[in-house]
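Residues per chain are reported as follows:
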Amino acid sequence: MSLLTSLIDKFTLSCTKDNQIGDHDDDLYNLIFDYYISPDAVEHFTQAIHQLDSTSSLEENYQWFLFIGFNAAMDIGYYDGKHRDILCHFWLPIYEVLLNEFIENLSFNAIKYILSNLIRMQITIESLAENFMKQELQFRNLNQKNEYLSIIKILLPLLINENFLQNLQNDNYSTIDLRWDANTYSNTQEITSTYISWILLKLLLMFIKTDGNCFTMIKHDLYITNNLCQSIRLVDDQHPIKLSLYIILALVINENEIQDFKDILPVLVDHIKKINYLNGNISSFSNNGVYDIDLLIALKGCLQYDQMKAIFLKNDDFNLLIALIDPLFLSTEIESEENNIFSELSKSLMDLTPEDESDPDQSQVVSEMKTNVKNGLKNLLKDMAFVALECLYLISFNQEAKEKLQNLIESLSLIRDMDIHDSMKKIIDGLLWKLEQKDDVQNEQENNLFDLMISYNEDDDKSAALKVYNYIKDHFHYRISFDDYLISTSSICQAIRNSRCILLCISETYKTNPNCRLQAEYAHDRKKQLIPFLLKQTRLDGWLGSICENRSSINSIEEEFEKVMETVTNESQQETLAAFFTSPESEVRMTSTSNDYKTIPIESWTDQHVQHFLYDNKLDIMVLLTEHMNGEELYQLVDKCQSEQGYWMMFDRFNQELEKRFHQVLPISIYVRFLNQIRRYITVSMF
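These figures come from a predicted structure and were not determined experimentally. (Residues numbered from 1 in each chain as written. Predicted model: local features only at pLDDT ≥ 70, side-chain atom pairs only at ≥ 80, totals over all residues. Heavy atoms only, no water.)

Just to check I follow, could you spell out the pattern of salt bridges for this structure?
A side chain with one charge can pair with a side chain of the opposite charge if their charged atoms come near. Tallied over the entire structure, the rule returns 19 salt bridges. Here Asp317 and Lys273 are joined by a salt bridge, their closest N and O atoms 3.7 Å apart. Of this pair, Asp317 sits in the loop between helix H16 (306-314) and helix H17 (318-324) while Lys273 sits in the loop between helix H14 (264-272) and strand S1 (286-287), placing them 44 residues apart in sequence. A salt bridge links Lys426 to Glu458, with the nearest nitrogen and oxygen atoms 2.4 Å apart. Of the two residues, Lys426 sits in helix H22 (residues 422-436) while Glu458 sits in the loop between strand S3 (450-455) and helix H23 (462-476), which places them 32 residues apart along the sequence. (Salt bridge = Lys/Arg side-chain N within 4 Å of Asp/Glu carboxyl O. Helix = DSSP H or I, 4+ residues; strand = E, 2+ residues; numbered from the N terminus.)

Below, the structure written as structure tokens:
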């Protein structure tokens, strides 16, 4: 144990009084980190972790090794994504081997230690900065998806293990603190089945919420879903982990399984009604180890299915969601009241700070803590409001619900005009468009400027959709609508109207995204040719199943996507795609690629020539400002822009119109490029 003893001595001499490495001690951190990826560390770890469930006390050096030392190797002041990947690559295979043994022996302390470390290993400098004061830390850029999934699958059978379940039922769960903390010796003793179940389900939920790929991996893994379905039938309704099981199942069940779990929605709604914020308490955002926002995320998962919507509507639970969006438009008076609450909460944290505030440095720390707590909790309320808005958006696809939500239009319009993040603005914009949409869409003008418009989930699938766009553009030379500037729902719908075909880039997250549903259903209602393109493994059920029914689809499963789209070795995919564009049924013709405008004077341009010019020069956003303009009218507009006084005045006018009508902004680069490109055609014109 000489290497370990030497490391402990060096650490003890240099560490802070709370056993931290402290600032600016890279040499000590590197020494510790390198030790924890050495063969010597594996030998000591194997011996130490086996002692956690023995009747004798853990040796002092092993206590330091498992807790102080391991936590120091993941010190948040030094531990970044690169360190995480190295540490995970080294330890995950070891954890997997040991877990098989510990599960067989029901070694709860050792299992808890590894589960807690699996969460701790993902907390890096970067992830902590992204999630400061969030309800809980979430995995970011998880590069060990397959390894984590393998470990989860090893552990899940515990939830249907007869002996484990017997222990679970015998636990006095009302006294168990269902909360995650980094491992310490004191919190890794006398671990119960209840805590093991809870932290395992917490790990699984964090994995599901990491990104669309992780979500898809779990949703399509029958081994995992079957274990969960069996477990929920075996756990008593009053047990706290039942709610965690409900939340996960709400996210992963399919339409044909809803009937078997129809009690999920009432349970979720009942617990949402108990959310602390709705009951005048914003000092806590969890109950029984379940975060309030996860209840809302699970509700969102349920509400994508019409059967669940019907139950929600029948119980008239709209006001529950409306109450949760209140923090988005707090008045000064309400905000003042909340400041008092935040102040009270800050006082509860004073035990964590020095009592003597006369020291300027200490006083600054206390002040910063109060500010961070206040801002952090406000952001939590906004995060919950965002998910509540998504739920309302999903409900609005039901006609009865749409009528009931009409009185929200004015309030939602006010929120949209506030300084809110883009994701929330897009959700509100889509919901407003849905609420204000007229039933008769066939009278709206369309001109088929594009051969193809690509609909995709920009949160998870943008890079994959971009590869699809480049592939089709390079191999088929079609005019395609794929524009980052299509921010507002009205401009996206205009692009749909102006396209002959709509390519639906389908994934599980596409199916759950209300904006994607709006695009697909709007195109369907306009009788556009729809081409389902499966980016990732997706179950075509619910609303998406109805849209894709009786339609041929292009299947590019995730593992083959790079090969299909980049090396283009899959000839059958090319033929399938080409068939869509050459089929008489699709009525796709290349008339929209006309560049006649290049050979005729601008004063002879039609409105379609104007739009062809704009699209060819990647000035798509200018289409919104030049609706139905012909060449002569465009020339008059440009003439005003080119005057000495009008150059920036017109730029401001354009932005005002875009903001008022489409809730978009005109980039300066687009404005300048528009004027430079159009000069090439004006100089050869004769007026």
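Still to come is the rest of the account.
Looking at this structure, how should I read the nonpolar core?
The tendency in soluble globular proteins is for nonpolar side chains to be buried as a group. Within the largest apolar cluster, 173 residues are counted, with the highest numbers of intra-cluster contacts made by Phe45, Tyr95 and Tyr148. The element that contributes the greatest number of residues to this core is helix H19 (residues 360-395), accounting for 14 residues. Within the second largest apolar cluster, 32 residues are counted, among which are Ile602, Leu666, Ile678 and Ile682. (Core = buried A, V, L, I, M, F, W, Y, C linked by side-chain atoms within 4.5 Å. Buried < 20%, exposed > 50% of the residue type's maximum accessible area, 1.4 Å probe, protein only.)

Looking at this model, I keep getting lost on the pairing of S3. Mind explaining?
Here is the key point about a regular strand: its side chains alternate between the two faces of the sheet. When you tally the buried positions in S3, you get six out of six residues, the bulk of the element. Note: S3 against strand S5 (residues 499-506), five bridges, orientation parallel. Directly across from Leu452, in S5, lies its bridge partner Cys501. Note that S3 and strand S4 (residues 480-481) share two bridges and pair parallel. In the strand pairing of S4, Met453 is matched with Ser481. (Pairing = 2+ DSSP bridges.)

Sorry if this is basic, but what is going on with helix H30 (residues 607-616) here?
Residue pairs three or four apart in sequence face the same way in an α-helix, which turns once every 3.6 residues. Counting buried residues in H30 gives seven out of 10 residues, a clear majority hidden from the surface. The set of residues buried in H30 consists of His609, Val610, Gln611, His612, Phe613, Leu614 and Tyr615. Structurally, H30 contributes buried residues whose contacts are with S3, helix H31 (631-642) and helix H33 (668-682). Within two residues after H30, Lys618 carries a phi angle of roughly 55 degrees, on the positive side. (Contact = heavy atoms within 4.5 Å.)

What am I meant to see in the confidence of the model for the protein chain here?
Low pLDDT marks stretches whose predicted atomic positions should not be read closely. Summarising the model, the protein chain shows a mean pLDDT of 83, and 81% of its residues fall at 70 or more. When the criterion is pLDDT under 50, residues 331-338 qualifies, and its contacts beyond four places in sequence or with other chains add up to four contacts. Scored below 50 in pLDDT, residues 565-573 makes 17 contacts in the model with residues more than four places away or belonging to other chains. (pLDDT = per-residue confidence, 0-100.)

Would you take a moment to explain the environment of Leu99 for this structure?
The topology assignment puts Leu99 in helix H5 (residues 81-105). On the basis of relative accessible area, Leu99 is assigned to the buried category, the value being 0%. Remark: the alpha-carbon pair of Leu99 and Leu115, spanning 16 residues in sequence, is separated by 9.7 Å. Those residues in contact with Leu99, other than ones at most four positions away along the chain, are Ile111, Ile114, Ile151, Ile154 and Leu155.

Can you help me understand the packing of aromatic side chains in this one?
Working definition: an aromatic ring pair is given by the centre-to-centre distance plus the angle between the planes. Scanning all chains against the criterion turns up 39 aromatic pairs. Centroid distance Phe312 to Phe318: 6.3 Å. Interplanar angle 75 degrees. Geometry classified as edge-to-face. Phe318 carries the same exposure label as Phe312, and that label is buried. Just above the ring of Phe397 sits the side chain of Arg517; from NZ or CZ to the centre is 4.4 Å. (Phe/Tyr/Trp six-rings, centres within 6.5 Å; stacked < 30°, edge-to-face > 60°. Lys NZ or Arg CZ within 6 Å of the ring centre and 35° of its normal.)

Quick question: what am I supposed to make of the sheet that holds strand S6 (residues 529-534) here?
In any sheet, the strands associate via hydrogen bonds between backbone groups, in a parallel or an antiparallel arrangement. If you walk across this open sheet you meet the five strands as S4-S3-S5-S6-S7, and the pairing is parallel. The sheet is open, and its two edges are formed by S4 and strand S7 (554-555), each paired on a single side. In this structure, S6 lies alongside S7, joined through two bridges in parallel fashion. Within the sheet, the bridge partner assigned to Phe533 lies in S7 and is Ile554.

Would you take a moment to explain the side chain of Asn117 for this structure?
Within the secondary structure layout, Asn117 lies in helix H6 (residues 108-120). Discounting chain neighbours no more than four positions away, the residues touching Asn117 are Phe70, Met74, Tyr95 and Asn183.

Looking at this model, I keep getting lost on the packing of helix H13 (residues 241-252) against helix H15 (residues 292-302). Mind explaining?
Two quantities define a packed helix pair, namely the angle between the helix axes and the distance between the axes. Packing of H13 against H15 brings their axes to within 7 Å, and their N-to-C directions diverge by 40 degrees. The orientation of H13 relative to H15 falls into the category oblique. As H13 runs across H15, the sense of the crossing is left-handed. Between H13, through Leu243, Ile247, Ala250 and Leu251, and H15, the contact on the second element is made entirely by Asp294, Leu295, Ile297, Ala298, Gly301 and Cys302. Taken together, the residues of the contact of H13 with H15 sort by class into eight nonpolar, one polar and one charged. (Axes fitted to C-alpha atoms, helices over the stretch in contact; angles between N-to-C directions. Parallel < 35°, antiparallel > 145°, perpendicular 65-115°, else oblique. Left-handed = near helix turned anticlockwise from the far one by under 90°. Nonpolar A, V, L, I, M, F, W, Y, C, P; charged D, E, K, R; others polar.)

I keep staring at the pairing of S5 and nothing clicks. Help me out?
With eight of eight residues buried, S5 is to be regarded as a mostly interior element. Judged from the six bridges that link them, S5 and S6 form a sheet pairing that is parallel. Residue pairing across strands places Cys501 opposite Gln529, the latter belonging to S6.

What's the story with helix H8 (residues 145-155) in this structure? I'm lost.
Listing the buried residues of H8 in full gives Lys145, Tyr148, Leu149, Ile151, Ile152, Ile154 and Leu155. Contacts from the buried residues of H8 go to H5, H6, helix H10 (193-208), helix H11 (212-219) and helix H12 (222-234).

How should empty space enclosed by the protein be read in this particular structure?
To locate leftover empty space, one rolls a probe as large as a water molecule over the atoms. Summed over all chains, the structure comprises five cavities of 30 Å³ or more. Taken as a whole, the largest cavity encloses approximately 120 Å³ of empty space. Around the largest cavity, the lining comprises 13 residues; the ones closest to its centre are Lys202, Leu205, Ser244, Gly289 and Asp294. Broken down by secondary-structure element, the contributors of at least two residues to the lining of the largest cavity are H10, H13 and strand S2 (290-291). Looking at the lining of the largest cavity element by element, the count peaks at five residues for H10. (1 Å grid on protein atoms, 1.4 Å probe; cavity = no way out; pocket = protein on both sides within 12 Å on 5 of 7 lines; lining within 4 Å. Points joined across faces, edges and corners; volume = space filled by probe spheres on them.)

I would appreciate a short explanation of the environment of Tyr305 in the present structure.
For Tyr305, the position within the fold is in the loop between H15 and H16. On the accessibility criterion, Tyr305 (2% relative accessible area) is buried. Sequence spacing of Tyr305 and Gly542 is 237 residues, and the spatial spacing of their C-alpha atoms is 5.7 Å. Contact partners of Tyr305, with chain neighbours within four places excluded, come to Lys219, Ile253, Asn254, Glu255, Ile258, Lys511, Asp541 and Gly542. Within polar-contact distance, the side chain of Tyr305 engages the backbone oxygen of Ile253 at 3.3 Å. (Polar contact = N/O pair within 3.5 Å; in protein donor to acceptor, adjacent residues only side chain to side chain.)

Looking at this structure, I do not really get the side chain of Lys145. What am I missing?
Of note, Lys145 is situated in helix H8. Residue classification places Lys145 among the buried residues on the basis of a relative accessible area of 18%. Every residue in contact with Lys145, bar those within four places of it in the chain, is listed here: Phe207, Asp211, Asn213, Cys214 and Met217.

What exactly am I supposed to notice about the packing of H12 against H13 here?
At a minimum axis separation of 10 Å, H12 and H13 run at an interaxial angle of 140 degrees. Relative to H13, the element H12 is oriented oblique. Two packed elements cross with a definite hand, and for H12 against H13 that hand is left-handed. Contacts between H12 and H13 involve Thr225, Leu228, Cys229, Ser231 and Ile232 from the former and Lys242, Leu245, Tyr246, Ile248, Leu249 and Val252 from the latter. Class assignment of the residues belonging to the contact of H12 with H13 gives a composition of eight nonpolar, two polar and one charged.

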